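# Coordinate inspection notes
One letter stands for each residue in the lines below.
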Amino acid sequence: MAKIAIDPITRIEGHLRIEVQVDGGAVTDAWSSSTMFRGIELILKGRDPREAWALTQRI
Amino acid sequence: MNRFTEGLESHLARQGMSRREFLKFSALMAAALALPKRYATQIAESLAAVKRPPVIWLEFQDCAGCSESFLRASRPTAAEVVLDVLSVDYHETIMAASGNLAEEAKKQTIDAGGHLVIVEGSIPTAEDGIYCCIGGRTAVDILNEAVSSAAAVIAVGSCAAFGGIPKAAPNPTGAVSTLDLVKDKPVLNLPGCPYNVVNLTATVVHFLTFGELPAMDQLNRPLFAYGARIHDNCERRGHFDAGEFALQWGDEGHRKGWCLYRLGCKGPVAFHNCPSVRWNDGANWPVGSGHGCIGCSEPDFWEMGLYNVADIQKFGAPSTFAPVVGPVQTIAPPTAALIGGLTGLAIGAAGTAAYMQLSKKDHPDESGGNNSEEKK
């Protein structure tokens, strides 16, 4: 049984890590992690609602 | 052909770019940098011989919008120019390799040294930097390693330059700018949300031609791109001076293209060359499409309030006017500096005008195409 981690996954927008467990040539389990956090929701809280589009379009 | 030993001109020739197009590109870059036209020759000569500098493009707390801006470069003849001026050895969004292979490519470039590091996105420092990890390492760690043997660092976009969105209150991840962390290497900021790829190309061309980063303001922004206030070059400026303001979205003034200051335009407090360089191939810019400038090239612009009226000092005409001074006999150093400054401004304006004019010539379809031009 082997565990393979691919990090970074390229050619995507954002940061992603994939880990898979391989048993006898077949994937038996897999995990994906988004490895970057900014807290856009926390930043949006309490702001003028008219600004929301500008912040969220930059996610 | 080895990308480390081949000069740029032969590389571009191999990609199908003619000598004529190459010279045109050099002239455009001189214009974008607000340099006199004669520098086009020097730029062409330097670029022809230069070895394409390796680049490591690091993405941290970003939205990839600045990468999009980079990839959307289409002028002058030019996604290929921008991409080929640089040898981009590592860029997560566009590189073919992933995982260990990607990290290995980056390591080779760092070991060789003398590369450019381009940073996109802010760097989180809270909780020991866990809010952005790549390949199991924190952004702080990756940045420090990449810049250790670098020649220079360019922070693209407002997040890398000033902290941007992640740093907006309450800054949940302790995000900081590149300059907050990199102290022993030259750092140039190209803020904007996103930044404009014309300014990155011009900065790189300056670096390759003169061996140094262009002159910068106190926020490490190149003066050729951030030396002028948006308000001063705005096409709606006449309406501001005439007191003609749009007061509501869609009202008569808005429909007539009047000044957007009352609707929150930050043009009077923002410095960027958007009015002259514009976006999407020079097609338009936010103010041209009816929305005020949001001041995205300024630090902490998210705290200004998108629709708050910008705080500006208002000047009226003075009640008395000083007499006109006659010709100066001897030039004292402060006067010389002033004259130098004014000349710089004049050259800047000329450069912008030249850039616009040269850019327009680049559209082949409007006047029967390049072919008819070639035959002359």
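Quick summary incoming for the structure in this document. None of the values given here were measured: they were computed from a predicted structure.

### Observations regarding the sheet that holds strand E3 (residues 26-34) of chain A
Residues and elements named next belong to chain A. Within the open sheet, the three strands sit side by side as E1-E2-E3. Their pairing is antiparallel. The open sheet terminates on both sides in strands that have one partner only, identified here as strand E1 (2-6) and E3. The average angle at which neighbouring strand axes cross in this sheet is 15 degrees, direction not considered. Bridge analysis of E1 against strand E2 (residues 16-23) gives five bridges, and the strand direction is antiparallel.

### Some remarks on helix H11 (residues 197-210) of chain B
Over its 14 residues, H11 of chain B runs 20 Å from end to end, which matches the ideal 20 Å to within 8%, given 1.5 Å per residue. Counting buried residues along H11 of chain B, 13 of its 14 residues qualify, which places the element largely inside the surrounding structure.

### Re the state of the cysteines
Residues and elements named next belong to chain B. One pass over the structure, following the stated rule, counts zero disulfides over all chains. For Cys 63, which is in no disulfide, the shortest distance to another cysteine sulfur is to Cys 193 and amounts to 6.3 Å. Of all cysteine sulfurs in the structure, the one in Cys 132 sits closest to Cys 133, which takes part in no disulfide; the separation is 6.8 Å. Given the relative accessible area of 19%, Cys 133 is considered buried.

### Here's the deal with the nonpolar core
Generally speaking, a soluble globular protein has its nonpolar side chains buried in company with each other. All names here are of chain B. Among the nonpolar cores identified, the biggest contains 41 residues, and Leu 47, Ile 154, Val 156, Leu 190, Tyr 195 and Leu 200 are the most heavily contacted of them. Ranked by the residues each element gives to this core, the list is headed by H11, at eight residues. Setting aside residues up to four positions removed in sequence, Leu 190 forms contacts with Ile 154, Ala 155, Val 156, Gly 157, Tyr 195, Asn 199, Leu 200, Thr 203, Pro 222 and Tyr 226. By size, the runner-up hydrophobic cluster in this structure holds 27 residues, among which are Val 147, Ala 150, Ala 160 and Val 182.

### What about the interface of chain B and chain A?
On the side of chain A, 27 residues touch chain B, which itself brings 38 residues to the contact. For the pairing of chain B and chain A, the buried interface totals around 2,700 Å² over both sides, and the portion due to carbon and sulfur atoms is 58%. Viewed at the interface, chain A and chain B are joined by one salt bridge. The salt bridge partner of Glu 303 of chain B is Arg 47 of chain A, with a shortest N-O separation of 3.4 Å.

The rules we used
- Residues numbered from 1 in each chain as written.
- Chains lettered and ligands numbered in written order.
- Predicted model: local features only at pLDDT ≥ 70, side-chain atom pairs only at ≥ 80, totals over all residues.
- Heavy atoms only, no water.
- Pairing = 2+ DSSP bridges.
- Helix = DSSP H or I, 4+ residues; strand = E, 2+ residues; numbered from the N terminus.
- Axes fitted to C-alpha atoms, helices over the stretch in contact; angles between N-to-C directions.
- Expected span 1.5 Å × (residues − 1).
- Buried < 20%, exposed > 50% of the residue type's maximum accessible area, 1.4 Å probe, protein only.
- Disulfide = S-S within 2.5 Å.
- Core = buried A, V, L, I, M, F, W, Y, C linked by side-chain atoms within 4.5 Å.
- Contact = heavy atoms within 4.5 Å.
- Buried area = accessible area lost by both parts, 1.4 Å probe.
- Salt bridge = Lys/Arg side-chain N within 4 Å of Asp/Glu carboxyl O.

Bear in mind that shape data such as this cannot, by itself, settle questions of function.
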